[in-house]
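Given next are the chains, with one letter for each unit.
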Amino acid sequence: MGTIHCISVIPNAVKIPHSRRLRGIHLYPIFAGEPNWIQCERSIIPEEANGSIPVRFSFIVPQAMTQENTPTIFAAEKRAHWRALEPEIWSIQGADLDAVPTQSILTTLWDQPRWLEAYHLYDQRGSELFEQICGLPEYYLTRTENAILETHARDIIARAPVRCIVELGAGYSKKTLHLLTEQLRQRGSSIFAPIDVSAAGLRASRAAVRSAFPEIQFHGLHARYEEGFSAIDKNLPTLFVFLGSTIGNFNHSDFPRFFRTLSAAMGPGDFLLLGADRVKDVKVLEDAYNDSRGVTAEFILNVFDHINRLLHGNFARDNMRYDSRYNPEWQRIEMYAVARARQDIRFADIDAAFQWQKDEKILVEISRKFDPLRLQEQLRFFDLGAVEHFTDPREWFSILLLKKES
Ligand code: AVJ
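Residues numbered from 1 in each chain as written. Predicted model: local features only at pLDDT ≥ 70, side-chain atom pairs only at ≥ 80, totals over all residues.

Here's the deal with the overall build of the protein
Scanning the protein for helices and strands turns up eleven helices and 18 strands. For the protein, the residues scored as buried account for 34% of the 406 residues in total. Across the protein, every contact between residues at least 6 apart in sequence was considered, and the portion connecting residues at least 24 apart equals 70%. (Helix = DSSP H or I, 4+ residues; strand = E, 2+ residues; numbered from the N terminus. Buried ≥ 20, exposed ≤ 12 C-beta atoms within 10 Å, placed from the backbone. Contact = placed C-beta atoms within 7 Å.)

So this is what it looks like as structure tokens:
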């Protein structure tokens, strides 16, 4: 009796030749380096052993891995880079999603004017506060976009005959439920792959999809947008969904880079559904970002608590205030933190410090407002042709359906 520990990589169970297949055992894909193994020991007799020498194999299988198939949504050359983080949630082998924020914060805080990238806003508390913002009477964006989707989901899905829906940013995928409902009604089945850097967001999305649509094949991609969408197989007819006017956060260098990479990742005939908040009455815009309950102020200033935790900094929340206004020339809401008094900012782990002068502003977030026709024209230069434009009766928000032209 011998014991053989199989700790080598078995990339795909079905590839094992039949003659060598082991009776009475299920083989799961095994990925090297995954910390969460559970060890399954089973006594089995390989066919070639003829029953004369019983051999014990120890199989090591990933914990809670319930699926045998590596998802076919990934392009063949990218598939090997992805591993199961947990059931139906995938991440890039060796990717460190926490490595970049520090670098990003330090570089932009030394710019003139000082500023921050918007994604730092979404720590646990920030995500909760944003959920609260979506329910504020002044914050019309979420409700308006949701209503457009509810009205036009049927039309959108009919115009975009796809097998897969990839959502950029899982959020809690509430709005996407309208699209998934129609996709199932019109096509009977679908793959749904949200991309998000928040594992908690992906879990919530998985739970929502699981309970509402058991027929849907769910693959959460725990990654940055670009890493996620660039891995999708170009031969899989896909609708990319980017809602909530998140493009409003992109500055003038992020914006072209984002659309260039997204367009390059799309297969010919793939679709993009894009939500964009529109230029409108300044009072309506400014109220949406300066609500009477102060939730937006709390959301914006919370970024400094997050930074203090990340970088062991000493930003003092009681020494700053929130200020926001619409900049008509740039057609964007600018959200600032303003120092009430001079403050010496230090980061304990890093040899870096600066003086935050009294009344000096740090630009924490921008929210661009769009003219949908102009946006459509611009996106044509990224090989994205307008298929349809959906809006609400007040014309406050637009959802564009675009098609990749090659
Ligand atoms: C999530 C970027 C669309 O700009 O309206 C809301 C974020 N910031 N209130 C927006 C936000 C303050 C929001 N986006």
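Now, onward.
Things to note about the confidence of the model for the protein
Looking at the protein as a whole, the pLDDT averages 85, with 82% of positions reaching at least 70. Low pLDDT, under 50, characterises residues 1-68; the stretch is placed with 78 contacts to residues that sit more than four places away or in other chains. (pLDDT = per-residue confidence, 0-100.)

Brief notes about the site of the ligand
Neighbouring the ligand are Ile133, Leu141, Gly244, Ser245, Thr246, Gly248, Asn249, Tyr289, Thr296, Phe299, Glu365 and Ser367. Where the shell around the ligand is concerned, the elements lending two or more residues are helix H10 (295-311) and strand E16 (361-368). Here the shell around the ligand is built from residues that sort into four nonpolar, seven polar and one charged. (Near = placed C-beta within 6 Å. Nonpolar A, V, L, I, M, F, W, Y, C, P; charged D, E, K, R; others polar.)

Here we look at helix H6 (residues 199-212)
Compared with an ideal rise of 1.5 Å per residue, which puts 14 residues at 20 Å, H6 spans 20 Å between its outermost C-alpha atoms and is within 8% of the ideal. Looking at H6, one finds that the buried residues are Gly201, Leu202, Ser205, Arg206 and Val209. Down the axis of H6, the smallest arc covering the buried residues is 135°, so these residues share one side. Seen from the buried face of H6, the exposed residues on the opposite side, beyond 90 degrees, are Ala200, Ala207, Arg210 and Ser211. Those residues of H6 that are buried lie in contact with strand E5 (89-92), strand E7 (191-196), strand E8 (217-218) and strand E9 (220-222). (Expected span 1.5 Å × (residues − 1). Arc of directions from axis to C-beta.)

Here's the deal with the packing of helix H4 (residues 140-159) against helix H5 (residues 176-187)
In the contact formed by H4 and H5, the axes pass within 9 Å of each other and the chain directions differ by 40°. Taken as axis vectors, H4 and H5 run oblique relative to one another. Handedness of the H4/H5 crossing: right-handed. Note on element contacts: H5 touches H4 through His178, Leu179, Thr181, Glu182, Gln183 and Gln186, opposite Leu149, Glu150, Ala153, Arg154, Ile156, Ile157 and Ala158. (Axes fitted to C-alpha atoms, helices over the stretch in contact; angles between N-to-C directions. Parallel < 35°, antiparallel > 145°, perpendicular 65-115°, else oblique. Left-handed = near helix turned anticlockwise from the far one by under 90°.)

Some remarks on helix H8 (residues 254-265)
Structurally, the α-helix is built with 3.6 residues per turn, so residues lying three or four positions apart point the same way. Taking 1.5 Å of rise per residue, twelve residues should cover 16 Å, and H8 covers 16 Å from first to last C-alpha, within 8% of that figure. Regarding H8, the residues found buried are Phe259, Leu262, Ser263 and Ala265. For H8, the buried positions fall inside an angular range of 160° around the axis, keeping them on one side. In the core, the buried residues of H8 are packed alongside helix H7 (225-230), strand E10 (238-242), helix H11 (372-380), strand E17 (384-391) and strand E18 (397-404).

Here we look at the nonpolar core
Within the largest apolar cluster, 83 residues are counted, with the highest numbers of intra-cluster contacts made by Val166, Phe229, Phe240, Val241, Leu273 and Leu274. Setting aside residues no more than four positions away along its own chain, Leu273 makes contact with Ile156, Leu239, Val241, Ile399 and Leu401. (Core = buried A, V, L, I, M, F, W, Y, C linked by C-beta atoms within 7 Å.)

What to know about the sheet that holds E16
The strand order across the open sheet formed by three strands is E12-E13-E16, and the pairing between neighbours is antiparallel. Of all the strands in the sheet, the pair left with one neighbour each is strand E12 (320-327) and E16. Between one strand and the next, the sheet's axes are offset by a mean angle of 20°, whatever the strand orientation. Alignment of strand E13 (residues 332-339) against E16, held across seven bridges, turns out to be antiparallel. When the sheet's bridge partners are listed, Ala337 is paired in E16 with Ile362. (Pairing = 2+ DSSP bridges.)

Things to note about the pairing of strand E6 (residues 164-168)
Burial analysis of E6 places five of its five residues in the buried class, the great majority of the element. The alternating pattern of E6 places Cys164, Val166 and Leu168 on one face and Ile165 and Glu167 on the opposite face, and all of these are buried. Inspection of the sheet shows E6 paired to E7 by five bridges, in the parallel sense. The residue bridging Ile165 from the neighbouring strand is Phe192, located in E7.

Let's talk about the environment of Leu179
Tracing the backbone shows Leu179 in helix H5. Sequence spacing of Leu179 and Arg154 is 25 residues, and the spatial spacing of their C-alpha atoms is 7.6 Å. Beyond its immediate sequence surroundings of up to four residues, Leu179 is in contact with Leu149, Ala153, Ile156, Ile157, Ile165 and Val241.

Topic: the packing of helix H3 (residues 124-134) against H10
Two measures define how a pair of helices packs: the angle their axes make with one another and the distance between the axes. Where H3 meets H10, the axes come as close as 9 Å, and the angle between the chain directions of the two elements is 170°. As judged from the angle between their axes, H3 and H10 are roughly antiparallel. Residues Arg125, Gly126, Leu129, Phe130, Gln132 and Ile133 of H3 lie in contact with H10, whose contacting residues are Val295, Thr296, Glu298, Phe299, Asn302 and His306. Among the residues making up the contact of H3 with H10, the classes are represented as five nonpolar, five polar and two charged.

Some points on unusual backbone geometry
A negative phi holds for most residues other than glycine; trans holds for most peptide bonds. Residues Gln112 and Pro113 are joined by a peptide bond in cis, for which omega reads -5°. Relative to the elements of secondary structure, Pro113 occurs in the loop between helix H2 (99-109) and H3. Unusually for a residue other than glycine, His312 sits at a positive phi of about 50°. Structurally, His312 can be placed in the loop between H10 and E12. Of note in the backbone geometry, Asp383 takes a positive phi value of approximately 60° without being a glycine.

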